[in-house]
Amino acid sequence: MSSRRLSYILQQQVHLYTPTANELRERIDGYVEAERQIEGEMARRQLRA
């Protein structure tokens, strides 16, 4: 499961607005952004090849 999909699922499931839940969301958002950057770089490398 991709972190993007996991992020979507957790956003639907986690309705707590505690500091812990907010920290978890921020960490997942960071993973989602990193995954997007990696996918973009992989796509660029494939275009060059």
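For every chain, the first residue of its written sequence is number 1, and the numbers climb from 1 along that sequence. The predicted origin of the model limits local features to residues at a pLDDT of at least 70 and limits the giving and counting of side-chain atom pairs to 80 or more, whereas totals for whole chains, interfaces and linings rest on all residues. As a rule here, side-chain values come from all non-hydrogen atoms in the structure, and water together with hydrogens is ignored.

Brief notes about the overall build of the chain
Put simply, DSSP marks the helices as runs of H or I at least four residues long and the strands as runs of E at least two long, and each gets a number from the N terminus on. A count of helices and strands for the chain gives 2 helices and 0 strands. Scored against the burial criterion, the 49 residues of the chain give a buried share of 12%. As presented, the chain carries roughly 4,300 Å² of accessible surface, and 56% of it is formed by carbon and sulfur atoms. For the exposure calls, accessible area comes from a 1.4 Å probe over protein chains only, and a residue counts as buried if that area is under 20% of its type's maximum, exposed if over 50%, partly exposed in between. Accessibility throughout is a Shrake-Rupley quantity obtained with a 1.4 Å probe, and a residue counts as covered only by protein chains that appear here.

Brief notes about helix 2 (residues 19-48)
Here a helix's expected span is defined as the number of its residues, less one, multiplied by 1.5 Å. The terminal C-alpha atoms of helix 2, which comprises 30 residues, lie 44 Å apart, in line with the 44 Å expected from a rise of 1.5 Å per residue. Where helix 2 is concerned, the buried positions are Ala-21, Ile-28 and Val-32.

With respect to the environment of Ser-7
Counting through the fold element by element, Ser-7 comes out in helix 1 (residues 3-13). We classify Ser-7 as buried; its relative accessible area is 8%. In sequence terms Ser-7 and Ile-28 are 21 residues apart; their C-alpha atoms lie 6.2 Å from each other. For Ser-7, the contacting residues outside a window of four places in its chain are Ile-28, Asp-29 and Val-32. Note on contacts: a residue pair is in contact if any heavy atoms of the two residues lie within 4.5 Å.

Quick look at the pattern of salt bridges
By definition here, a salt bridge exists when the distance from a side-chain nitrogen of Lys or Arg to a carboxyl oxygen of Asp or Glu is within 4 Å. On inspection of all chains with the given rule, the structure shows 3 salt bridges. We note a salt bridge from Glu-33 to Arg-36, for which the minimum N-O separation is 3.9 Å. With Glu-33 and Arg-36 both in helix 2 and 3 residues apart, this pair spans about one turn of that helix. Put simply, Arg-45 and Glu-41 hold a salt bridge, and the shortest N to O gap is 3.0 Å. Note that Arg-45 and Glu-41 are positioned in helix 2 at a spacing of 4 residues, about one turn of the helix.

All we've got here are geometric facts, nothing functional implied.
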